[in-house]
Amino acid sequence: MTVTGQGTGQGTGQGIGRRAAVLGSPIAHSLSPVLHRAAYAAMGLHDWRYDAIECAEDGLAGLIGGFGPEWAGLSLTMPLKRVVLPLLDTVSDLALAVGGANTVVFRDGARHGENTDVYGIVQALAEAGVSAPASAVVLGGGATAASAVAALRETGLAEVTLVVRDPGRAEETLRVAERLGTTVTVRSFDDLDPEADLVVSTLPSGAADALAERVAAGLPEKAALFDVVYAPWPTPLATAVEARGRTVIGGLPMLLHQAVRQVELMTGRSNVPVEAMRAAGEAEIARRAAS
C-alpha cells in the first residue's frame, strides 16, 4: 500500500482523528485530496485526514478489511468502482443501476456504497444552465458514459444517442440504460451526428481530438458541450466548440460536485464549502499546468 500526501492538521482534542482516502491505480495525480482537504480546512475539521492510496483490483479486499474505526469513507476510481460491490454490506439503488460505487461510507460497523458521479454530472449541467436538455449525444461507452446516461435520465431525458468507436464494447452501458428505462441508439464514430441540445464527451484526454471539428460544426446554435476532461484544459474539442459561441462545460465542475456530495456523506454535514473546494481545485490545476 502506498499513501501519498499528509494529514490536514492538528487534532482538535475530540479523540481519534477521522480518515478518508481515494483509492486507485495510478492515483498520485488524483485531484480528490486537494478538494477534500480544502473542505476539511474550511469546515474546521482539523482532525480529519484525506490521502491518496495506490490500490489495484487484487488488493482492494485486503485493504478495506484492514481499516479501523477511524475510517469514515473512501473515494474510488475505476475499475475499483465495480470491484468493490461484492465487498459492501449495502449499496444504493443508483450505484446498483449504474453498476459501480465511487464512494464507500463506513457507518455503524458496515460498508455502504454510493454513487456520487451522477450527482456531479447533474450539478455541473445545472450550474451551466443545462438542466433539461431535450436531446443528447454521449461520446464513449465506458463507466463514465453509464453515469452520464443516468444523469441525463435524472434530468428527464429518456432517449440518448451513444457514439462509440466499437459498438461491441458498449454492452455494459446498454445494460445500465435498460435498468434505468432509457432508450439508447448506438452509432459509430464514422456515423457521428452531433445535432442535439447537448453533447457529452466521456472520452479520455486526446481521444476526442479527431472529432473536434465535426462536433463543433454540427452543434446547433444553442447547444452545449460537456467534456469530462479537466486537465489539460481546454481540450481541442472544447476550444473548437467555444470558438463557435456554444456553451462549454469542463470536467472540473463534475469532479467538484461529486466530491462535495462525498464530503456530505462521509462527515454527515451539509455545510460543505463548494467555492473553497472549487478555488483549491482550480489553483492546483493551474499549478500543475505551469510545472
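Just so we're clear, the structure is a prediction, and the values are computed from it rather than from any experiment. (Residues numbered from 1 in each chain as written. Predicted model: local features only at pLDDT ≥ 70, side-chain atom pairs only at ≥ 80, totals over all residues. Heavy atoms only, no water.)

1. Digging into the pairing of strand β12 (residues 224-227)
- By the alternation rule, side chains of β12 split into A224 and F226 and L225 and D227, which are all buried.
- Relative to β12, strand β11 (residues 198-201) runs parallel, the two sharing four bridges. Each residue of the ladder has a partner; that of V199, found in β12, is L225.
- Considered for its hand, the β-α-β crossover made up of β11, helix α8 (residues 212-218) and β12 is right-handed.
- In this structure, β12 lies alongside strand β13 (residues 247-249), joined through three bridges in parallel fashion. Counterpart to F226 in the pairing with β13 is I249.
- Handedness of the β-α-β unit built from β12, helix α9 (residues 236-243) and β13 comes out right-handed. (Buried < 20%, exposed > 50% of the residue type's maximum accessible area, 1.4 Å probe, protein only. Helix = DSSP H or I, 4+ residues; strand = E, 2+ residues; numbered from the N terminus. Pairing = 2+ DSSP bridges. Right-handed = clockwise from strand over helix to strand, strands pointing away.)

2. With respect to the sheet that holds strand β9 (residues 159-164)
- Spatially, β10-β9-β8-β11-β12-β13 is the arrangement adopted by the six strands of the open sheet, whose pairing is parallel. Strands at the two margins of the open sheet, each flanked by one partner only, are β10 (183-188) and β13. Direction aside, neighbouring strands of the sheet carry axes that sit 20 degrees apart on average.
- Against the sheet, helix α5 (residues 117-127) contacts β11, β12 and β13, and its axis sits at roughly 145 degrees relative to β12.
- Most of the contacts of α9 go to β12, to which it runs at about 165 degrees, and overall it touches β11, β12 and β13. (Axes fitted to C-alpha atoms, helices over the stretch in contact; angles between N-to-C directions. Contact = heavy atoms within 4.5 Å.)

3. Structural notes on the nonpolar core
- I121, L125, V138, L152, L198 and F226 are the most contacted members of the largest nonpolar core, which has 32 residues in total.
- Looking at this core, the elements with two or more residues in it are α4 (93-98), α5, β8 (136-139), α6 (143-154), β9, α7 (171-180), β11 and β12.
- For this core, the leading source of residues is α6, giving seven residues.
- Aside from chain neighbours lying at most four places away, what touches L198 is L125, V130, P133, S135, A136, V137, L152, A224 and F226.
- Of all hydrophobic cores here, the second largest spans 23 residues; its members include V22, L31, W48 and V263. (Core = buried A, V, L, I, M, F, W, Y, C linked by side-chain atoms within 4.5 Å.)

4. Quick word on the layout of surface pockets
- As a volume, the largest pocket reaches approximately 970 Å³.
- What lines the largest pocket is a set of 36 residues, and nearest its centre among them are T77, K81, T144, Y230 and L255.
- Listing elements by their share of the lining of the largest pocket, those giving two or more residues are β4 (71-76), α3 (80-83), α6 and α10 (251-267).
- Along the lines of polarity and charge, the residues of the lining of the largest pocket split into 17 nonpolar, 16 polar and three charged.
- Shared between two domains, the lining of the largest pocket holds at least three residues of each, these being domain 1 (18-115 + 258-279) and domain 2 (118-252). (1 Å grid on protein atoms, 1.4 Å probe; cavity = no way out; pocket = protein on both sides within 12 Å on 5 of 7 lines; lining within 4 Å. Points joined across faces, edges and corners; volume = space filled by probe spheres on them. Nonpolar A, V, L, I, M, F, W, Y, C, P; charged D, E, K, R; others polar. Domains from an automatic or database assignment.)

5. Some remarks on the domain arrangement of the chain
- We note that the domain assignment places domain 1 (18-115 + 258-279) and domain 2 (118-252) within the chain.
- Domain 1 and domain 2 are separated by 26 Å when their C-alpha centres are compared.
- Each partner contributes to the interface: domain 1 provides 13 residues, whereas domain 2 provides 15 residues.
- Overall, the association of domain 1 and domain 2 removes approximately 1200 Å² of surface from exposure, summing both partners, and the carbon and sulfur fraction of that is 60%.
- At the junction of domain 1 with domain 2, the criterion picks out one salt bridge.
- Taking the shortest distance from any N to any O, the salt bridge between E127 and R278 comes out at 2.7 Å.
- Counting only elements with at least two residues in the side of domain 1 that touches domain 2, the list comes to α4 and α10.
- If you tally residues by element for the side of domain 1 that touches domain 2, the top one is α4, at four residues. (Buried area = accessible area lost by both parts, 1.4 Å probe. Salt bridge = Lys/Arg side-chain N within 4 Å of Asp/Glu carboxyl O.)

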